[in-house]
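# Tertiary structure, described
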Amino acid sequence: MLEVAGLTTTYEGLVAISDVSLKVGKGEIVTVAGANGAGKSTLLKTIAGMEQRQSGSIHFEGERIDGVQPHLITARGIAFVPENRRLFPRLSVRDNLRLGSFLFRKRPDRDAPLDGVFSLFPVLKERLGQLAGTLSGGEQQMLAMGRALMTRPKLLMLDEPSQGIMPKLVTEMFAAIKAIRQTGVTILLVEQRLVESLEIADSAVVLQTGRIVLRGSAQEVRDHPDIRSAYLGA
Amino acid sequence: MSLELLLQVLLSGLLMGMIYALMASGLSLIFGLMDVVNFAHGEFLMVAMYLMFGLVVLTGLDPLLLWPIVTVCLFAFGAAVYLGVVRHALRAKTNRGMVQVFTTFGLGLVLMGLAQSLLSPDYRSIGDSWIGGKSVSLLGIYLPLPQLVGGIASIATFSIIWLMITRTDFGKALEATREDAGAVALVGINKDLIFTLGWGGGAALVGLAGSIIAIFFYVYPSVGTSFILIAFVTVALGGFGSIYGALAAGVIVGVVEAFSAVLLSPALKSLGVYAVYLAVVVLRPRGLFGSM
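Residues numbered from 1 in each chain as written. Chains lettered and ligands numbered in written order. Predicted model: local features only at pLDDT ≥ 70, side-chain atom pairs only at ≥ 80, totals over all residues. Heavy atoms only, no water.

### Quick word on the overall build of chain B
A tally of helices and strands in chain B yields ten helices and two strands. Taken over C-alpha atoms, the radius of gyration comes to 19 Å for chain B, in line with the 19 Å a tight globule of 292 residues would show. Dimensions of chain B, computed from C-alpha atoms along their principal axes, come out at roughly 60 × 50 × 35 Å. Here chain B holds 292 residues, and 51% of them are scored as buried. In the form shown here, chain B has an accessible surface area of approximately 12700 Å², with 71% of it arising from carbon and sulfur atoms. The average position of the 13 basic charges and that of the 12 acidic charges among the side chains of chain B differ by 8 Å. (Helix = DSSP H or I, 4+ residues; strand = E, 2+ residues; numbered from the N terminus. Rg over C-alpha atoms; globule rule 2.2 N^0.38 Å. Buried < 20%, exposed > 50% of the residue type's maximum accessible area, 1.4 Å probe, protein only. Areas by Shrake-Rupley, 256 points an atom, 1.4 Å probe, with all protein chains shown as cover. Lys, Arg positive; Asp, Glu negative; His and termini not counted. Charge placed at Lys NZ, Arg CZ, Asp CG, Glu CD.)

The following block contains the structure:
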């Protein structure tokens, strides 16, 4: 579904990711792991069209999408939830969700994904009238994911969804990601929490200073000695 | 001061204030959307006034019939200025703020210079028209008709803006872009299109204001500078970027100006306005309704 080949992106003159190749199959969860500054966010931003690539190509459903404007990438079915969520803080939860279905504004069923969003994150239904900026960290993450689902994505890219939320909500967050995949949405997940993300992922790549140093099935990556010592404390 | 005079000054100030508000709201709309101050806003007003003057001369029709044409033309003009000039200035890699200031300021000078060389520096005015120079009297209070019509047009326009922002998808997209222009692509909104429409809308608002002002004021190349200072004071008073703030501040500016003219002297009518402005800058720098 998504095919990244030889992607290099520079950020303010520095190479952020270098020669990254990656395939995500339909219905899969692929996780991207790596330390801070390894280039994980840059990879997602480049796919979303928010950073310009230096070289390489990105294909989505067989069509080349590198160089396409970011709003058109969203329209093609790639939803991106960035690390800082980028909600519209002074608009209500309702307006944020409704803006998610902006692309379908002329269709009578524009709000159709809303039921799915509420069953994933029931708390959003209680907060509809509240300003997005007044939500807790966990609720903001839920709203950002809900808004992304309103765009009816085929591929959902999540950057550190567990960041800045209460520890007891982390498990729920990973359960929600799994549930989203059940509905047929493919997921590209960037996460620091390797243990939890490998549990729900089919395959994983590990980035180090902008390059892929390890790739394989979730099982293979989990069992790799370097990973065991570096991340899993074994 | 008699009650009659008090009401007279209050009402005429109020009406003039509504027209100021219309002019300032265009400036505020553009600033709120993309943090760009359009220093050519006064020259947009000048362009609108010359357009109205030219159309009246050419067609012989009344300004009241021609304002929609002027407003639509200014919309197209504003959109073209964004696409042709401002968009490129925004791509500056360093010192973006300065680049924007000098781009719009330079554009204003060019427009004024073009008007001076092509249309001559002469003062022109639209002669007799349906409402020009006429007034209505109500319980002994005289209200000039052009300002009265301008005030009504202003209220109608602000109502339409309010309905658009609160009720339509375009309004929500506009609000979202004001909040975080870099994030609207995440929901499939084209930021560049919203900016283009925003510049068109901002110019259309000043186009409407110019259509009305041209009925009761002289048209000349530097006419924009006579009004732009008031527009900037209004926007700063209301809070940069706040459209409703522009309405409230416009009314305050109009009323204060009218009272200064009567209590001090007509030549000093701006003194009160700047005094209020200074007080707000000192006591509440973000303006009455501003959030920055």
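### Some remarks on the side chain of S162 of chain A
Of note, S162 of chain A is situated in the loop between strand 7 (155-159) and helix 7 (167-182). For S162 of chain A, the contacting residues outside a window of four places in its chain are V170, F174, E191 and R193 of chain A. (Contact = heavy atoms within 4.5 Å.)

### Some words on the nonpolar core
Among soluble globular proteins, nonpolar side chains are generally buried collectively. Core analysis: the biggest nonpolar cluster contains 108 residues, and L188 of chain A together with F44 of chain B have the highest contact counts within it. Top contributing element to this core by residue count: helix 1 (residues 3-34) of chain B, with 13 residues. Filtering out sequence-adjacent residues up to four positions away, L188 of chain A remains in contact with L2, L22, V24, V30, V32, L44, I47, L155, L156, M157 and L158 of chain A. The next biggest cluster of nonpolar side chains, apart from the first, holds 37 residues, and it includes A79, L87, V93 and L189 of chain A. (Core = buried A, V, L, I, M, F, W, Y, C linked by side-chain atoms within 4.5 Å.)

### Here's the deal with the packing of helix 5 (residues 145-167) of chain B against helix 7 (residues 191-216) of chain B
Residue and element names in this part refer to chain B. Relative to each other, helix 5 and helix 7 sit at 170 degrees, their axes nearing to 9 Å. Between helix 5 and helix 7, the crossing angle belongs to the class labelled roughly antiparallel. Across from P146, Q147, G150, A153, T157 and I161 in helix 5, the residues of helix 7 making contact are L205, L208, I212, I215 and F216. Its residues assigned to classes, the contact of helix 5 with helix 7 comprises eight nonpolar, three polar and no charged. (Axes fitted to C-alpha atoms, helices over the stretch in contact; angles between N-to-C directions. Parallel < 35°, antiparallel > 145°, perpendicular 65-115°, else oblique. Nonpolar A, V, L, I, M, F, W, Y, C, P; charged D, E, K, R; others polar.)

### As for a nonpolar patch on the surface
All names here are of chain B. Together, M1, L3, L5, L6, L7, L10, V262, L263, L264, L268 and L271 make up a nonpolar patch on the protein surface, roughly 980 Å² of accessible area in all. Among the elements of the structure, helix 1 and helix 9 (243-263) are those that each provide at least two residues to the nonpolar patch. Looking at the nonpolar patch, the element that brings in the most residues is helix 1, giving five residues. Checked against the element boundaries, L268 lands in the loop between helix 9 and helix 10 (269-283). (Patch = residues over 30% accessible without salt bridge, like charges linked within 9 Å, V, L, I, M, F, W, Y side chains within 5 Å. Salt bridge = Lys/Arg side-chain N within 4 Å of Asp/Glu carboxyl O.)

### Here's the deal with the interface of chain B and chain A
On the side of chain A, 20 residues touch chain B, which itself brings 17 residues to the contact. Regarding the contact of chain B and chain A, the summed buried area is about 1800 Å², with carbon and sulfur atoms giving 61% of it. Of all residues in chain B, E179, L186 and V187 of chain B bury the most surface against chain A, accounting for 38% of the area lost on that side. There are four salt bridges connecting chain B and chain A. Among the residues forming the side of chain B that touches chain A, the class breakdown is eight nonpolar, four polar and five charged. (Buried area = accessible area lost by both parts, 1.4 Å probe.)

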